[in-house]
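Next come the chains, spelled out residue by residue.
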Amino acid sequence: MPRENAPRSASSRPPSSTVWRDLACVVVVTAIVAALCVSFDVSELAYRWTRRAERFQLDELPATLLMLALGLAWFAWRRWRELQRELVRRHALEKEAERLLDDNRRLVVQANDAQERERRHLARELHDELGQYLNAISLDGARIRDLSAQRDAETHRLALNVVSSATHVYRQIGTMIRRLRPTGLDELGLATAIEHCVDGWRERLPDATFSLAIEGDFGGLSDRLNITLYRLVQEGLTNVSKFARASRVEIYLVRAPRDAVDGRDEPEMREETRDAGGVDEIVVTMADDGPGVDLAAPRAGLGLIGMRERVEALGGEFRIASEPGNGFMFCARVPAHAGLAEPVAVN
Ligand SMILES: Nc1ncnc2c1ncn2[C@@H]1O[C@H](COP(=O)(O)OP(=O)(O)OP(=O)(O)O)[C@@H](O)[C@H]1O
Ligand SMILES: [Mg+2]
């Protein structure tokens, strides 16, 4: 925003009570000094003293000091004006930064929506196109295998290979489809989808121990929030598989009134969120006792950044905690009504 058009904000001016108080101080101090001057005849004393030092021009001192006082007052006034202008400029910059942050959040939401739409589309295509053809190849291979069983050993062996390769690829594609579009998220709900996801990791990581606790009712959440919570758990578990394979992992998914979760519940916020469908908050926490990481060291990956962006785009908070040798933990809290106002297009 150009400086000239910057609004003059009330917060950048000193409150009027302070101005009046300061002015009253100046008047009172001046009156006291005047009274003291009168009772001690200060002017006469100064005149007598400076007259004796006239050859040093000290008798000009009062006028010089008066000029200095006026000059300092002018100097202070100029600095105060500059400060006011600087405050207004900063206020305008803060507003601009807030606006940009808001735009950024909206862009993240849109990018995530587009990504999820694209993933759904890919999952559907993989399932409907590739899946069907692979199934057909597998069935044809099985037929050739059966027909060649007693006749041609080489054809039989090749048919067995075809069936096993087709089955392998079919399974891989199934895994890809489930990663692209979580099993049951739409039909069975968030809690079941997360249980399913954790079960998958239990099988894949036999050295790790997983405990999952889900508390509260997760019905009525927006599609955006559902997929965000699911993706948090998914990325958290992928990280466990990469950096803490043999650890004990605890996952909590809780829906509770905001003040019950941490005792914070500002009255205005309570009003706003109640109108928007409740003051509940969803909290996802995942902690492992693996090797941890030094959070002060630079990190290259994008997973944690994506998690933070997703959560903050929905008006939530995302925190991580870790120390080398002391495990890793993340905690995300998002208002339960997040994303309800703007329904997401699913196709
Ligand atoms: N559970 C964990 N235990 C120990 N370190 C972790 C854990 N999760 C994340 N980290 C550390 O945090 C870093 C950043 O994680 P992040 O998920 O952002 O990136 P990544 O997994 O390395 O790559 P990407 O997710 O982009 O494929 C990791 O490189 C790792 O050092
Ligand atoms: Mg990662």
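Residues numbered from 1 in each chain as written. Chains lettered and ligands numbered in written order. Predicted model: local features only at pLDDT ≥ 70, side-chain atom pairs only at ≥ 80, totals over all residues. Heavy atoms only, no water.

- Per an unreviewed UniProt entry, the recorded name for the protein chain is Oxygen sensor histidine kinase NreB, and the organism is Paraburkholderia caballeronis.
- If you open the UniProt record of the protein chain and go to Cofactor (unreviewed entry), you find "[4Fe-4S] cluster".
- Its UniProt record, at the heading Catalytic activity (unreviewed entry), says of the protein chain: "ATP + protein L-histidine = ADP + protein N-phospho-L-histidine." (UniProt positions renumbered as here; feature names shortened; annotations may be inferred.)

**A word on the overall build of the protein chain**
- Secondary structure summary: the protein chain contains nine helices and five strands in total.
- Secondary structure elements in the protein chain, listed N-terminal to C-terminal, are α-α-α-α-α-β-α-β-α-α-β-α-β-β.
- Looking at the protein chain as a whole, 30% of its 347 residues are labelled buried.
- Carbon and sulfur atoms make up 58% of the accessible area of the protein chain, which totals about 22700 Å². (Helix = DSSP H or I, 4+ residues; strand = E, 2+ residues; numbered from the N terminus. Buried < 20%, exposed > 50% of the residue type's maximum accessible area, 1.4 Å probe, protein only. Areas by Shrake-Rupley, 256 points an atom, 1.4 Å probe, with all protein chains shown as cover.)

**Quick look at the UniProt feature "transmembrane region" (unreviewed entry) in the protein chain**
- In this structure's numbering, the residues bearing the UniProt feature "transmembrane region" (unreviewed entry) are residues 20–41 and 61–80.
- Taken end to end, residues 20–41 is 95% helix and 0% strand, and its first and last C-alpha atoms sit 31 Å apart.
- Across residues 61–80 one finds 100% helix and 0% strand; the C-alpha atoms that close the span lie 28 Å apart.

**Here's the deal with the sheet that holds strand S3 (residues 280–288)**
- What the five strands build is an open sheet, ordered S1-S2-S3-S5-S4; its pairing is mixed. Only two strands of the sheet have a single neighbouring strand rather than two, namely strand S1 (209–215) and strand S4 (317–322). Between one strand axis and the next, the sheet turns by 10 degrees as a mean value, whatever way the strands run.
- Relative to strand S5 (residues 328–335), S3 runs antiparallel, the two being bridged by eight bridges. Of the residues in S5, the one forming a bridge with Asp 288 is Phe 328. (Pairing = 2+ DSSP bridges. Axes fitted to C-alpha atoms, helices over the stretch in contact; angles between N-to-C directions.)

**Quick word on the side chain of Glu 116**
- With respect to the helices and strands, Glu 116 occurs in helix H3 (residues 61–147).
- Overall, Glu 116 belongs to the buried group, its relative accessible area being 6%.
- Dropping the residues within four chain positions of it, Glu 116 is found in contact with Arg 181, Ile 227, Arg 231 and Arg 310. (Contact = heavy atoms within 4.5 Å.)

**Some remarks on the nonpolar core**
- Ranked by internal contacts, the top residues of the largest apolar core, which has 37 residues, are Leu 190, Leu 232 and Leu 237.
- Mapped by element, the contributors of at least two residues to this core are helix H5 (190–204), helix H6 (223–243), strand S2 (248–257), S3, helix H9 (303–313) and S5.
- In this view, Leu 237 contacts Cys 197, Val 198, Trp 201, Phe 210, Val 249, Ile 251 and Met 286; residues no more than four positions away in its chain are not counted.
- Judged by nonpolar contacts, the second largest core, of six residues, contains Leu 126, Leu 134, Ile 177 and Leu 180. (Core = buried A, V, L, I, M, F, W, Y, C linked by side-chain atoms within 4.5 Å.)

**Considerations on the coordination of the magnesium ion (ligand 2)**
- In this structure, Glu 235 (OE) and Asn 239 (OD1) serve as the protein donors to the magnesium ion (ligand 2), at separations of 2.0 to 2.2 Å. In this pair, Glu 235 and Asn 239 are both assigned in helix H6, four residues apart and thus about one turn of the helix distant.
- Of the residues examined, Asn 239 reaches a relative accessible area of 15% and is grouped as buried. (Donors = N, O, S within 2.8 Å, 3.2 Å for Na, K, Ca; no water.)

**Overview of the pattern of salt bridges**
- In total, this model carries 21 salt bridges according to the counting rule given.
- We note a salt bridge from Glu 116 to Arg 119, for which the minimum N-O separation is 3.4 Å. Taken together, the residues Glu 116 and Arg 119, both in helix H3 and three residues apart, mark about one turn of the helix.
- Two residues, Glu 281 and Arg 333, come together in a salt bridge whose shortest N-O distance is 3.4 Å. (Salt bridge = Lys/Arg side-chain N within 4 Å of Asp/Glu carboxyl O.)

**Regarding the pairing of S2**
- Summarising the sheet, S1 and S2 pair through seven bridges and their orientation is parallel. Its bridge partner lying in S2, Ala 213 is registered against Tyr 252.
- Read as a crossover between parallel neighbours, the route from S1 over H6 to S2 is left-handed.
- Relative to S3, S2 runs antiparallel, the two being bridged by nine bridges. Within S3, the residue paired with Ile 251 across the bridge is Met 286. (Right-handed = clockwise from strand over helix to strand, strands pointing away.)

**Some points on the packing of aromatic side chains**
- Summed over the entire model, instances satisfying the criterion amount to one aromatic pair.
- It is Arg 79 that lies over the ring of Phe 75; its NZ or CZ is 4.7 Å from the centre.
- The positively charged end of Arg 204 is found above the aromatic ring belonging to Trp 201, 4.5 Å away from the centroid. (Phe/Tyr/Trp six-rings, centres within 6.5 Å; stacked < 30°, edge-to-face > 60°. Lys NZ or Arg CZ within 6 Å of the ring centre and 35° of its normal.)

**Looking at H3**
- When the terminal C-alpha atoms of H3 are compared, their 123 Å separation across 87 residues agrees well with the 129 Å that a helix rising 1.5 Å per residue should span.
- Where H3 bends most, the angle comes to about 30 degrees, and this point is Gly 131. (Expected span 1.5 Å × (residues − 1). Bend = angle between axes of the 7 residues up to and from the residue.)

**A closer look at the environment of Ala 136**
- Mapped onto the secondary structure, Ala 136 falls in helix H3.
- Since its relative accessible area comes to 33%, Ala 136 is described here as partly exposed.
- Along the primary structure Ala 136 and Ala 166 are separated by 30 residues, whereas in three dimensions their C-alpha atoms are 9.3 Å apart.

**Focus on the site of ligand 1**
- Ligand 1 sits among 13 residues. The nearest are Asn 239, Lys 242, Asp 288, Leu 302 and Leu 304.
- Within the contact set of ligand 1, an oxygen atom lies 2.9 Å away from a side-chain nitrogen or oxygen of Lys 242.
- At 3.1 Å, a backbone N or O of Gly 303 approaches an oxygen atom of ligand 1.
- Considering ligand 1 on its own, with 600 Å² of exposed area, one finds that the protein chains cover 80% of that surface. (Near = heavy atom within 4 Å. Polar contact = N/O pair within 3.5 Å; in protein donor to acceptor, adjacent residues only side chain to side chain.)

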